[in-house]
Amino acid sequence: MRKDYRKQDIIKLVEEEDVEFIRLQFTDIFGNLKNVAVTASQLEKALDNECKFDGSSIEGFTDVEESDMYLHPDYSTLEIFPWRPQQGKVARLICDVYRSDQTPFEGDPRYVLKRAVREAEDMGLTFRAGAECEFFLFHLDENGMPTTVTHENAGYFDVGPIDFGENARRDMVLTLEDMGFVVEASHHDVAPAQHEISFRFDEAMATADDIMTFKLAIKTIARRHGLHATFMPKPKSGMNGSGMHINMSLHREGKNIFADGTDPLGLSGEAYYFLGGIMQHIRSMTAVTNPIINSYKRLVPGYGAPVYIAWSAANRSPLIRIPAFGNDGARMELRSPDPTANPYLALAAILRAGLDGIKNKIAPPERVDGNIFRMDAEKRRALKIEELPGTLMEAVSCMEKDAFMRETLGDHIFEKYITLKKEEWNRYRRQVTDWEINEYLNKF
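Residues numbered from 1 in each chain as written. Predicted model: local features only at pLDDT ≥ 70, side-chain atom pairs only at ≥ 80, totals over all residues. Heavy atoms only, no water.

### Describing the packing of helix 3 (residues 109–122) against helix 8 (residues 343–359)
Here's step 1: The geometry of helix 3 relative to helix 8 is characterised by a closest axis approach of 8 Å and an angle of 25° between their N-to-C directions. Overall, the two elements helix 3 and helix 8 adopt an arrangement that is roughly parallel. Between helix 3 and helix 8 the crossing geometry is left-handed. Here helix 3 contributes Pro109, Arg110, Val112, Leu113, Ala116, Val117, Glu119 and Ala120 to the contact with helix 8, which in turn contributes Tyr344, Leu345, Leu347, Ala348, Leu351, Arg352, Leu355 and Lys359.
Here's step 2: Class assignment of the residues belonging to the contact of helix 3 with helix 8 gives a composition of 12 nonpolar, no polar and four charged. (Axes fitted to C-alpha atoms, helices over the stretch in contact; angles between N-to-C directions. Helix = DSSP H or I, 4+ residues; strand = E, 2+ residues; numbered from the N terminus. Parallel < 35°, antiparallel > 145°, perpendicular 65-115°, else oblique. Left-handed = near helix turned anticlockwise from the far one by under 90°. Contact = heavy atoms within 4.5 Å. Nonpolar A, V, L, I, M, F, W, Y, C, P; charged D, E, K, R; others polar.)

Next comes the structure, spelled out in structure tokens:
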């Protein structure tokens, strides 16, 4: 739970808790966590927004001609890292990025989400979201570098001693709880060495910040156990990949407006429009919710990840699922995102797509309760079920054509993102893989 700290509260807490270093954290446009560390003696300067850095050194930020950027700490994000020494402790503050003229930097992903949240607030709405984050735990080599090696063969919901990662996962949960997370569940997932920890939903900005903190904590605790935690969507072929399902609801004056007891599924008209907006924009959003080449190795039939653009309350094969709920717990689950997504950009796109649905009364298609993976192409065509993009380049092309995504991300991020993702795709295209050698060398 976040606290409403004031400047003097933070200065006092840092002194009382013997905090020596404060990490001023922010993210680049791809969701990579960055930080500038200051000592306690420089804390007041940092809290007065006087800490600057070279924005031209951050991929996707600025050119050298306009490189001075300033970090504005969000006081409510103060957290002392429980895994650091108890003398000379380390704390962090998540920051917004500003230009030297003290205007918000339009390339700051947090700013993009703030804009989307304000749009919802202007409609009297609060967006609440929760994430189900999956990851793998692999061995390190003799040099401490990550591998894809694991000696375990556990599966869904297995327990120790079959689940070799049980002790590491327990320490992760305890650490997260020390940091204020409400962990709702943790378990071994489907693939060997795959795990899931889900935490309580919150307002959109808090959830995005929590996802970034979660990934840092998981990787840190894994290292303490001699393991590497990876959020790569599909580190090994032939097994399930890792997703980051997003559960969401909209609230007005504290009431969940997705709920309507008179509807067969318990959903309101606004919920259906929100659903329709997401489905209409999902292909252009996918470059953000599934941002790397490896993301599309997960989005294939047969491994539990969605491939088709459909929704259901009865099964998990479609893109969006309406979980069973009681009382005021109406929500929907978007199952395509993976944990490499920048959570600020992903939640901004999801929220704005849903709001577009409400504003323009975009009705979703009929729900599909059958298993789509077992349908043939003719049946899917008859039901007008489209597919998600099959590659990063296809997703980028869909994004590039949609003015909605430019408006959501802003010109700066939209153009930088597309340019850098095309460069990533071209680097990939120049590679000759082992699969190609094994498949073609002897044939041709």
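Here the narrative resumes, following the displayed structure.
### Digging into the side chain of glutamate 196
Here's step 1: Mapped onto the elements, glutamate 196 comes out in strand 9 (residues 194–199).
Here's step 2: Residues within four places of glutamate 196 in sequence aside, it is in contact with Glu132, Cys133, Glu134, Arg169, Ala185, Ser186, His187 and Asp189.

### Re the nonpolar core
Here's step 1: Counting residues in each nonpolar core, the largest one holds 118 residues, and the members touching the most others are Phe127, Phe214, Leu250 and Phe274.
Here's step 2: Per-element tally for this core: the top contributor is helix 8, with 11 residues.
Here's step 3: Among all residues touching phenylalanine 214, those that are not within four sequence positions of it are Cys133, Phe135, Leu176, Phe181, Ile197, Phe199 and Phe231.
Here's step 4: Ala310, Val368, Met375 and Ile385 belong to the second largest nonpolar core, which has seven residues in total. (Core = buried A, V, L, I, M, F, W, Y, C linked by side-chain atoms within 4.5 Å. Buried < 20%, exposed > 50% of the residue type's maximum accessible area, 1.4 Å probe, protein only.)

### So, the environment of leucine 93
Here's step 1: Its location among the elements puts leucine 93 in strand 6 (residues 89–99).
Here's step 2: Spatially, the C-alpha atoms of leucine 93 and tyrosine 75 are 6.8 Å apart, while their sequence positions differ by 18 residues.

### Some words on the packing of aromatic side chains
Here's step 1: Taken as a whole and assessed by the stated rule, the structure comprises 19 aromatic pairs.
Here's step 2: Plain terms: the ring middles of phenylalanine 30 and tyrosine 417 are 5.4 Å apart, the flat faces sit at 50° to each other, and that makes the pair tilted. Pair noted here: phenylalanine 30 is in the loop between strand 1 (19–27) and strand 2 (33–39) and tyrosine 417 is in helix 11 (residues 403–429), with a separation of 387 residues, a long-range link. By the burial criterion, phenylalanine 30 is buried, and tyrosine 417 matches it.
Here's step 3: Seen from their ring centres, phenylalanine 199 and phenylalanine 214 are 5.5 Å apart, and the 40° between their planes marks the pair as tilted. Here phenylalanine 214 lies in helix 5 (residues 204–224) and phenylalanine 199 lies in strand 9, a separation of 15 residues in the sequence. Assigned by exposure class, phenylalanine 199 and phenylalanine 214 land together as buried. (Phe/Tyr/Trp six-rings, centres within 6.5 Å; stacked < 30°, edge-to-face > 60°.)

### Some thoughts on the pattern of salt bridges
Here's step 1: Under the definition given, this model contains 24 salt bridges.
Here's step 2: A salt bridge links arginine 406 to aspartate 411; the nearest nitrogen and oxygen atoms lie 3.0 Å apart.
Here's step 3: With a closest N to O distance of 2.8 Å, lysine 421 and glutamate 424 form a salt bridge. In this pair, lysine 421 and glutamate 424 both sit in helix 11, three residues apart, roughly one turn of the helix.
Here's step 4: Judged by its relative accessible area of 3%, lysine 421 falls in the buried class.
Here's step 5: Judged by its relative accessible area of 17%, glutamate 424 falls in the buried class.
Here's step 6: Through salt bridges with shared partners, a single ionic network connects Asp74, Asp96, Arg110, Lys114 and Asp209. (Salt bridge = Lys/Arg side-chain N within 4 Å of Asp/Glu carboxyl O.)

### Considerations on a nonpolar patch on the surface
Here's step 1: A surface patch of nonpolar side chains, about 310 Å² in accessible area, is lined by Tyr156, Phe157 and Val190.
Here's step 2: Following the sequence through the fold, valine 190 ends up in the loop between strand 8 (183–188) and strand 9. (Patch = residues over 30% accessible without salt bridge, like charges linked within 9 Å, V, L, I, M, F, W, Y side chains within 5 Å. Areas by Shrake-Rupley, 256 points an atom, 1.4 Å probe, with all protein chains shown as cover.)

### Concerning helix 10 (residues 392–400)
Here's step 1: Turning to helix 10, its buried residues are Leu392, Ala395, Val396, Cys398 and Met399. Summarising the axial view, the buried residues of helix 10 lie within an arc of 160°, below the 170-degree limit, and thus occupy one face.
Here's step 2: If you follow the buried residues of helix 10, they end up packed against helix 6 (269–289), helix 7 (295–298) and helix 11. (Arc of directions from axis to C-beta.)

### Points about the packing of helix 6 against helix 10
Here's step 1: Interhelical geometry of helix 6 versus helix 10 gives an angle of 120° and a closest axis separation of 7 Å. For the element pair helix 6 / helix 10, the angle class is oblique. Our pair here, helix 6 against helix 10, has a crossing hand that is left-handed. Residues Arg283, Ser284, Thr286, Ala287 and Val288 of helix 6 pack against Glu394, Ala395, Val396, Cys398 and Met399 of helix 10.
Here's step 2: Per-class residue counts for the contact of helix 6 with helix 10 are six nonpolar, two polar and two charged.

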